[in-house]
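Descriptive structure summary
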Amino acid sequence: RIVEPGWHRIEADCDGIRGKSNYVRISAEKLADQIYFGDMHNHTLDCDGTSWHPAHYYYARNVAGLDFGAVSPHAEYFGCKMAWDAYVQWATKANEPGRFVI
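Predicted, not measured: the structure shown is a model, and the values here were computed from it.

A rise of 1.5 Å per residue sets the reference length of helix α2 (residues 81-94), with its 14 residues, at 20 Å; its end C-alpha atoms lie 20 Å apart and thus fit the reference within 8%. Those residues of α2 lying buried are Ala83, Ala86, Tyr87, Ala91 and Ala94. The buried residues of α2 all sit within an arc of 130° when viewed along its axis, so they share a single face. Opposite the packed face of α2, turned more than 90 degrees from it, sit the exposed residues Lys81, Met82, Thr92 and Lys93. As for α2, its buried residues are in contact with α1 (53-63).

The following block contains the structure:
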């Protein structure tokens, strides 16, 4: 856990395998420009993926700790209004302004 402002690197060591992250800047004040992390490409069960939309958004937000996520089905699924409405509904439910954005 990093609590001091400044530039830091995270190091990990497991069974003789070591690694260092890129530098991370920790700031005491909220910066005007921020970097956000997310996943823009995920397929669901109605396409060729392994989970449903709510599970994807839950995992992205609560397990992976991402700032945003998107479901990206194949183009043939966008021709159906019912499917499109479901995609919009699931995305809207997952949206949490200030915490997780779709």
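What follows deals with the nonpolar core. If you look at the biggest cluster of nonpolar residues, it comprises 7 residues: Tyr57, Ala60, Leu66, Val71, Ala91, Ala94 and Phe100. Mapped onto this core, the elements with two or more residues apiece are α1 and α2. In contact with Ala60, not counting residues within four places along its chain, are Gly65, Leu66 and Phe100.

Once that is clear, we can look at the side chain of Asn42. Its place among the elements puts Asn42 in the loop between β5 (38-39) and α1. For Asn42, a relative accessible area of 17% corresponds to the buried category. Engagement of the side chain of Asn42 in a polar contact is seen with the side chain of His56, the distance being 3.1 Å.

The full count for this structure, using the stated rule, is 2 aromatic pairs. Seen in terms of ring centroids, Trp52 and Trp90 are 6.3 Å apart; in terms of plane orientation they differ by 45°. Their pairing is tilted. Of this pair, Trp52 sits in the loop between β5 and α1 while Trp90 is found in helix α2, placing the two residues 38 residues apart along the sequence. Look at Tyr57 and Phe100: their rings are 6.4 Å apart centre to centre, the planes differ by 70°, and that puts the pair in the edge-to-face class. Taken together, the positions of Tyr57 in helix α1 and Phe100 in the segment after α2 put the pair 43 residues apart, joining distant regions of the chain. Take Tyr57 and Phe100: they sit in the same class, and that class is buried. Taking NZ or CZ as reference, Arg9 lies 4.9 Å from the ring centre of Tyr23, over its face. Here Arg61 stacks its cationic end above the ring of Phe100, 5.6 Å away from the centre of that ring.

Cut-offs and rules
Residues numbered from 1 in each chain as written. Predicted model: local features only at pLDDT ≥ 70, side-chain atom pairs only at ≥ 80, totals over all residues. Heavy atoms only, no water. Helix = DSSP H or I, 4+ residues; strand = E, 2+ residues; numbered from the N terminus. Expected span 1.5 Å × (residues − 1). Buried < 20%, exposed > 50% of the residue type's maximum accessible area, 1.4 Å probe, protein only. Arc of directions from axis to C-beta. Contact = heavy atoms within 4.5 Å. Core = buried A, V, L, I, M, F, W, Y, C linked by side-chain atoms within 4.5 Å. Polar contact = N/O pair within 3.5 Å; in protein donor to acceptor, adjacent residues only side chain to side chain. Phe/Tyr/Trp six-rings, centres within 6.5 Å; stacked < 30°, edge-to-face > 60°. Lys NZ or Arg CZ within 6 Å of the ring centre and 35° of its normal.

By themselves, these figures tell us nothing about what the structure is for.
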